[in-house]
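Structural features, examined
Letter by letter, the chains look like this.
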Amino acid sequence: MAKRSKNSILPTILTYLGLAVGLVFSSFPIVWMFFSSLKSNTEIFALPPRLLPEDFTLAAYLTIFNDPVKVRFFINSYFVAGVVTCLTLVIAILTAYGFSRYSFRFKNTLNIFIISTQTVPPITLLIPYFGMVVAFRIFDTYLALILTYMVFTLPYAVLLMTGYLNTLPKELDEAVLVDGGSSWTALWRVIVPVSIPGIVATAVYTFLLAWNEFLFALTLTKSMDLRTVPIGIQLLMGQHAFEWNEMMAMSVLGSLPLLVLYLVAQRYFLAGMTAGSVKS
Amino acid sequence: MVHSAPALVAAQVNARKKRWLRYSTLSKLVPYFYVSPATFLLVLLMLFPMVMVFKYSLMDGAIMKKDAAFAGVQNYLTIFENPVFWQSVGQTMYFTIMSVVFHFIIGLAFALLLNTNRVDPLIRSILRVLFILPWLFTAVIIAIIWRLLLDPNGVVNSVLMALHIINFKVEWFSSTHTAIHALTFANIWAGYPLYMVSLLAGLQGISKELYEAAGIDGANELEKFWYITIPQLMPIIISIALLDFIWTMQVFPLVWMTTGGGPIYSTEVLSTFTYKLAFSQYEFSLASASAMIILIISMSVTYFYIKHQQRR
């Protein structure tokens, strides 16, 4: 008996120890970033290093809020990610409905096409996009960003929504068809209202992808009026390489929408993350 | 005008038949109506650009010259002769393979830790939320966090010196010896949660009876892990590792924001090599050839990924 209890205590201690190491590994960099944003620049590299700021200051945040150029980065990011999310959702809902309720020629081909789209290197697409965007005279516009972002938001959204619609019983929309309604009515009146959890998951994940995009935003826009948050941070890094507290404050503000979405819609968020890899 | 009853019925039947015929041919088109917007967009944004980049890669002076001439495979040969290209290939492979291996190890370890019932459920669910956090940060912010932490005067050096592990300030990102490892470490930190979340879902899907049966047969914990847990998780491990391999191979923002490929090409990866050819040197044809090479590698791994997904 004594041996047995000893055997179960040791694994428990080791488990807690492992979790503690994991906690430091996963969260320390983030906590350090957050507290650095509340320090003065001289205090950031103070020796010995201190986690909590000695002179707590919101100066870095105030500088950002008082600079219209930096505020504009945020407005641009919210606008572009918002529009991309709406457009992606509408198109993905239509496609997912087609996929989950009908069988048709080329269905499998189209499915493979959509899955393989996930893995096409952005850098490969970037060069022809640059050529196209210049040729269509939409270089340095919101349109160029919104349009090109769809290439990687759409495949995920379609896979996620199709997966979700496949879980809904066919009797649900067939009832509308039997009553003489069209599939269009069935989709918007019956399927969409009951798919809200799936739509939220898709929206959250699409927003995340669009919010984080870097390469196309870097290359297809040029004027400060159109720069998004990731590019704004990069510019800040290049111009004021020593204003660490301001860069950390930018990073905190730039992560905020995703953190809030994650905490509010955690269940949906995880569905989005694992879509396509675990089951597709 | 008065119609006789049978004629009226016949007319109605006829009309209904016609409507039905029209309806059934139309109804065959319905699915295409639903999938056409996405198909159109993806053809415009995927197939067309891929044809274009292939065409550029066979030309001399694409985008820059109005009358760019056909150059055949010359651009590919030029790329293959460039030693920096081969250095980038090697560094990309080191970065990718190390990332995939450690993502898997850390992801699995955390998933196992979070899956035991030795720990209070509340603590488990809080840690579950916290362990995913690195995944929520965009590459630019990850780059900036690690530049702060790994700064010569930063906290990592201070701690390592206090523990007497190092005795001078290491310039993690600006030394040719350490930059690629520092970069790989930052990427490992940023990417394990995908594995953790997926493997945790996988662990919860394994039937308890399998473990009980193995216990009756006298298997110990290690044997249970090796002969039940790992085989049961294998399909998930393979799909995520393949996807992760493809995505990590294409990494751009993290490298661009930490080292920019330097110092002296020591962290140059295929995507930064290609980007510089196009947008620093304006060699769009050479860049297209390099981009085609990345595409071919990605697509060959994608082939295995799709095969694997369809077998499941």
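In this convention, every chain numbers its residues from 1, walking through the sequence in written order. Here the convention is simple: chains get letters from A, ligands get numbers from 1, in the order in which they are written. Per-residue local features of the predicted model are confined to residues with pLDDT of at least 70, and side-chain atom pairs are confined, for both listing and counting, to 80 or more; whole-chain, interface and lining totals are unaffected and use all residues. The side-chain values count all of the structure's non-hydrogen atoms but skip hydrogen atoms and water molecules.

Some details on the overall build of chain A
The condition that has to hold: To qualify as a helix, a DSSP run of H or I must reach at least 4 residues; to qualify as a strand, a run of E must reach at least 2; elements of each kind are numbered from the N terminus. When we talk radius of gyration, it's over C-alpha atoms, and the globule rule is simply 2.2 Å times the number of residues to the 0.38. Think of it in three bands: residues with accessible area under 20% of the maximum for their type are buried, residues over 50% are exposed, and the middle band is partly exposed, with areas taken using a 1.4 Å probe on protein chains only. Whether two residues touch is decided by their heavy atoms; if any such pair falls within 4.5 Å, the residues are in contact. In short, Shrake-Rupley with a 1.4 Å probe defines the accessible areas, and a residue's cover is counted only from the protein chains shown.
Helix and strand content of chain A: 14 helices and zero strands. Its helices and strands in sequence order give chain A the pattern α-α-α-α-α-α-α-α-α-α-α-α-α-α, from N to C terminus. Here chain A has a C-alpha radius of gyration of 24 Å; the compact-globule value for 280 residues is 19 Å, and the former is much larger. Dimensions of chain A, computed from the C-alpha atoms along their principal axes, are close to 75 × 75 × 35 Å. Put simply, chain A has 280 residues, and 56% of those count as buried. A sequence separation of at least 24 residues applies to 73% of the contacts in chain A between residues at least 6 apart. Taken as a whole, chain A presents about 12,400 Å² of accessible surface, with 69% of it coming from carbon and sulfur.

Details of the interface of chain B and chain A
Threshold: What gets called buried area is simply the loss in accessible area from a 1.4 Å probe that two parts show on being joined, summed for both. Put simply, a salt bridge is a Lys or Arg side-chain nitrogen that is within 4 Å of an Asp or Glu carboxyl oxygen.
Contacts between the two partners involve 92 residues from chain B, matched on the other side by 94 residues from chain A. Summed over both partners, the interface of chain B with chain A buries about 8,300 Å², with 81% contributed by carbon and sulfur atoms. In terms of surface lost to chain A, no three residues of chain B exceed Tyr34, Leu136 and Leu148 of chain B, which account for 10% of the buried area on that side. At the boundary of chain B and chain A, one finds zero salt bridges.

Considering the layout of surface pockets
What counts, and what does not: Here a cavity denotes grid points, spaced 1 Å and computed from the protein atoms alone, that fit a 1.4 Å probe unable to get out, and a pocket denotes an open set having protein on both sides within 12 Å along at least 5 of 7 lines; residues with an atom within 4 Å of a point are the lining. Grid points are joined across faces, edges and corners, and a volume is the space filled by probe spheres set on the points.
The calculated volume of the largest pocket comes to roughly 1,100 Å³. In terms of lining residues, the largest pocket is bounded by 23 residues, among which Leu112, Thr116, Arg118, Tyr211 and Glu221 of chain B are the most central. Of all the elements in the fold, those that place two or more residues in the lining of the largest pocket are α1 (2-36) of chain A together with α3 (83-115), α7 (179-204), α8 (208-216) and α9 (221-249) of chain B.

Examining helix α7 (residues 142-166) of chain A
Residue and element names in this part refer to chain A. For clarity, the threshold we go by: Given the number of residues in a helix, its expected span is that number minus one, multiplied by 1.5 Å. At any given residue, the bend is defined as the angle formed between two axes, one fitted to the seven residues that end at that position and one fitted to the seven that begin there.
For α7, which comprises 25 residues, the first-to-last C-alpha distance of 34 Å matches the rise-based estimate of 36 Å (1.5 Å per residue) to within 8%. Largest kink in α7: about 40 degrees, centred on Val151, with the proline Pro155 one to four residues after it. For α7, the buried fraction is high: 19 of the 25 residues fall into the buried class.

Some words on unusual backbone geometry
With an omega of -15 degrees, the peptide bond between Gly262 of chain B and Pro263 of chain B qualifies as cis. With respect to the secondary-structure elements, Pro263 of chain B resides in the loop between α10 (253-258) and α11 (270-279). Positive phi outside glycine occurs at Arg137 of chain A, with the angle close to 55 degrees. Its location among the elements puts Arg137 of chain A in the loop between α6 (122-135) and α7.

Observations regarding the UniProt feature "domain: ABC transmembrane type-1" (unreviewed entry) in chain B
The condition is simple: UniProt positions are given in the numbering used here, feature names are shortened, and annotations may be inferred rather than shown by experiment.
Per the UniProt record, the feature "domain: ABC transmembrane type-1" (unreviewed entry) sits at residues 89-305 of chain B. Secondary structure content for residues 89-305 of chain B is 74% helix and 0% strand, while the C-alpha to C-alpha distance between its ends is 22 Å.

Remarks on the packing of aromatic side chains
For the record, the criterion: Two aromatic rings from Phe, Tyr or Trp, using only the six-membered ring of Trp, form a pair when their centres are within 6.5 Å; if the ring planes differ by under 30 degrees the pair is stacked, by over 60 it is edge-to-face, and anything between is tilted.
With the rule as written, the count across this model stands at 42 aromatic pairs over all chains. Judged by centre distance (5.7 Å) and plane angle (65 degrees), the rings of Trp184 of chain A and Trp188 of chain A are edge-to-face. A residue pair is termed a helical-turn pair when its members lie 3 or 4 positions apart in one helix, as Trp184 of chain A and Trp188 of chain A do in helix α9 (residues 183-194) at four residues. Looking at Trp188 of chain A, the relative accessible area reads 30%, which means it is partly exposed. Relative to Trp189 of chain B, the ring of Trp146 of chain B has its centre 5.7 Å away and its plane inclined at 70 degrees; by these criteria the two rings are edge-to-face.

Focus: the confidence of the model for chain B
Condition: As a per-residue measure, pLDDT tells how confident the predictor is, with possible values from 0 to 100.
Mean pLDDT over chain B stands at 88; residues scoring 70 or higher make up 94%. With a pTM of 0.88, the predicted complex shows an ipTM of 0.87.

Here's the deal with a nonpolar patch on the surface
For clarity, the threshold we go by: Surface patches are defined over residues having more than 30% relative accessible area and no salt bridge, joining like charges when they lie within 9 Å and nonpolar side chains (Val, Leu, Ile, Met, Phe, Trp, Tyr) when within 5 Å.
A surface patch of nonpolar side chains, amounting to about 380 Å² of accessible area, comprises Val90, Trp184 and Trp188 of chain A together with Phe33 of chain B. With relative accessibility at 45%, the residue Phe33 of chain B sits in the partly exposed group.

A short note on the pattern of salt bridges
Taken as a whole, this structure holds six salt bridges over all chains when the rule is applied. Between Lys70 of chain A and Glu246 of chain A there is a salt bridge; the shortest N-O distance is 2.8 Å. Separated by 176 residues along the polypeptide, Lys70 of chain A in helix α4 (residues 68-101) and Glu246 of chain A in helix α13 (residues 244-264) bring together distant segments of the chain. Taken individually, Lys70 of chain A and Glu246 of chain A each receive the classification buried, so the pair is uniform in this respect. Among the salt bridges present, the one from Lys276 of chain B reaches Glu268 of chain B, with a minimum N-O distance of 3.0 Å. Like Lys276 of chain B, the residue Glu268 of chain B is buried in the burial classification. Several salt bridges converge on common partners, so that one network encompasses Asp67, Lys70 and Glu246 of chain A.

Topic: empty space enclosed by the protein
For clarity, the threshold we go by: We call Asp, Glu, Lys and Arg charged. Ala, Val, Leu, Ile, Met, Phe, Trp, Tyr, Cys and Pro are nonpolar, and the rest, Gly among them, are polar.
Summed over all chains, the structure comprises three cavities of 30 Å³ or more. Of the voids in this model, the largest cavity is the one considered here, and its volume is about 1,200 Å³. Contributing to the lining of the largest cavity are 38 residues, with Leu209 of chain A together with Ala139, Trp247, Val251 and Pro253 of chain B lying nearest its centre. Sorting the residues of the lining of the largest cavity by element identifies α6, α7, α10 (196-212) and α11 (215-220) of chain A together with α5 (139-149), α7, α9 and α10 of chain B as the ones contributing at least two each. Among the residues making up the lining of the largest cavity, the classes are represented as 27 nonpolar, nine polar and two charged. In this model, the second largest cavity occupies a volume close to 60 Å³. Every residue along the wall of the second largest cavity is listed here: Tyr129, Met132, Val133, Phe136, Ile138, Leu147 and Thr148 of chain A together with Leu44 and Leu45 of chain B.

Concerning the UniProt feature "transmembrane region" (unreviewed entry) in chain A
Taking the UniProt record as the reference, the feature "transmembrane region" (unreviewed entry) is found at residues 12-35, 78-100, 112-136, 142-165, 186-211 and 247-265 of chain A. For residues 186-211 of chain A, the helix share is 96%, the strand share is 0%, and the end-to-end C-alpha distance is 33 Å.

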